[in-house]
Amino acid sequence: MGMDSEKLSKRVKQPGHDQTFQRAERDFLKALKLIFKGPEWQVVDHPRDLSKMIAGRYGIVPEASLKNLKTGKIMYFEVKKQGIAGNADERAAKHHTVAFYKALAKATKMPFHAFSTIMCESLAIEARYVMKHPYYFEPGRYFCWVGYDLDILKTYLDKEVRPLLEK
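In this report, we go over the structure that sits alongside the text.

Reading the values: rules and limits
Residues numbered from 1 in each chain as written. Predicted model: local features only at pLDDT ≥ 70, side-chain atom pairs only at ≥ 80, totals over all residues. Heavy atoms only, no water. Helix = DSSP H or I, 4+ residues; strand = E, 2+ residues; numbered from the N terminus. Rg over C-alpha atoms; globule rule 2.2 N^0.38 Å. Buried < 20%, exposed > 50% of the residue type's maximum accessible area, 1.4 Å probe, protein only. Contact = heavy atoms within 4.5 Å. Areas by Shrake-Rupley, 256 points an atom, 1.4 Å probe, with all protein chains shown as cover. Lys, Arg positive; Asp, Glu negative; His and termini not counted. Charge placed at Lys NZ, Arg CZ, Asp CG, Glu CD. Pairing = 2+ DSSP bridges. Axes fitted to C-alpha atoms, helices over the stretch in contact; angles between N-to-C directions. Salt bridge = Lys/Arg side-chain N within 4 Å of Asp/Glu carboxyl O. Expected span 1.5 Å × (residues − 1). Bend = angle between axes of the 7 residues up to and from the residue.

1. Examining the overall build of the protein
Reasoning step 1: If you tally the helices and strands in the protein, you get 8 helices and 5 strands.
Reasoning step 2: Mapped in sequence order, the helices and strands of the protein form the string α-α-β-β-β-α-α-β-α-α-α-β-α.
Reasoning step 3: Taken over C-alpha atoms, the radius of gyration comes to 17 Å for the protein, in line with the 15 Å a tight globule of 167 residues would show.
Reasoning step 4: Projecting the C-alpha coordinates of the protein onto the three principal axes gives extents of approximately 55 × 40 × 30 Å.
Reasoning step 5: Counting only residues that meet the buried cut, the protein has 42% of its 167 residues in that class.
Reasoning step 6: Counting contacts in the protein only where the partners sit at least 6 residues apart, residues at least 24 apart contribute 61% of the total.
Reasoning step 7: For the protein, the computed accessible surface area is about 9700 Å², with 56% contributed by carbon and sulfur atoms.
Reasoning step 8: Side-chain charges in the protein split into 29 positive and 20 negative, and the spacing between the mean points of these groups amounts to 5 Å.

2. Notes on the sheet that holds strand β1 (residues 41-45)
Reasoning step 1: Taken together, 5 strands build an open sheet; the order of strands is β1-β2-β3-β4-β5 and the sheet is mixed. Looking along the sheet, the strands with just one partner apiece sit at the ends: β1 and β5 (142-145). For this sheet, the mean inter-axis angle between neighbouring strands, taken without regard to orientation, is 20°.
Reasoning step 2: Across the sheet, helix α8 (residues 150-166) lies against β1, β2 (64-68), β3 (74-82), β4 (115-121) and β5, angled at about 165° from β5, the strand it touches most.

3. Focus on the environment of Lys-33
Reasoning step 1: Its location among the elements puts Lys-33 in helix α2 (residues 21-35).
Reasoning step 2: Assessed through its relative accessible area of 46%, Lys-33 is described here as partly exposed.
Reasoning step 3: Distance from Lys-33 to Glu-138, taken between C-alpha atoms, is 25 Å for residues 105 residues apart in sequence.

4. Some remarks on the pattern of salt bridges
Reasoning step 1: Enumeration according to the criterion identifies 9 salt bridges in this entry.
Reasoning step 2: In this structure, the salt-bridge partner of Lys-132 is Asp-89, at a minimum N-O distance of 3.4 Å. Highlighted residues: Lys-132 in the loop between α6 (127-130) and α7 (133-136) and Asp-89 in helix α3 (residues 88-92), separated in sequence by 43 residues.
Reasoning step 3: Judged by relative accessible area, Lys-132 falls into the partly exposed class, the value being 27%.
Reasoning step 4: If you follow the salt bridges from partner to partner, you end up with Lys-154, Asp-158, Arg-162 and Glu-166 in one network.

5. Quick word on the pairing of β3
Reasoning step 1: Here β3 lies mainly inside the structure; 9 of its 9 residues are buried.
Reasoning step 2: The alternating pattern of β3 places Ile-74, Tyr-76, Glu-78, Lys-80 and Gln-82 on one face and Met-75, Phe-77, Val-79 and Lys-81 on the opposite face, and all of these are buried.
Reasoning step 3: Sheet topology note: the β2/β3 ladder contains 4 bridges and is antiparallel. Bridge pairing in β3 links Ala-64 to Phe-77.
Reasoning step 4: Count of turn residues in the β2/β3 antiparallel hairpin: 5 residues, of which Gly-72 carries a positive phi of about 80°.
Reasoning step 5: Of the strand pairs in this sheet, β3 and β4 are connected by 7 bridges, and their pairing is parallel. Residue Gln-82 lies in a different strand from β4, and its bridge partner there is Glu-121.

6. With respect to α8
Reasoning step 1: The first and last C-alpha atoms of α8 sit only 21 Å apart over 17 residues, clearly below the 24 Å expected at 1.5 Å per residue.
Reasoning step 2: Remark: the principal bend of α8, roughly 40°, maps to Asp-158.
Reasoning step 3: Where α8 is concerned, the buried positions are Leu-153, Tyr-156, Leu-157, Val-161, Arg-162, Leu-164 and Leu-165.

Below is the structure:
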């Protein structure tokens, strides 16, 4: 049958044991800082400005934010990675629902959906995930970061994010 609390507590590998996601987050933060150098850009690691966006008590802490200090416009990023199995893509989809769009717009006052999900490893290459992304995420609000390649990430950011923050 299913997993009850007794069975779950006996598992050797508990939820939260896998901390390999930290590499993807660190690599993304470093990449943002490399691509967006200069006094007009501010990159924040795990920004807390959305941590109470829901009823003043709850919210989210994405992996990074990028703000253009000249225009005041901001984009938030969630970095998701996993191996061949898991549901990280489905968990990421919560940031791209109609209700979340409305709540984020109210909290940020941005004239665009100020949230992008960066897919890494299997989420960026396995057909079982990649084929579903267009059904969960709006075009331009997710990116499959294959192999942690800095050039393809820069191309995505220059095409989809930079124009939103600069105008």
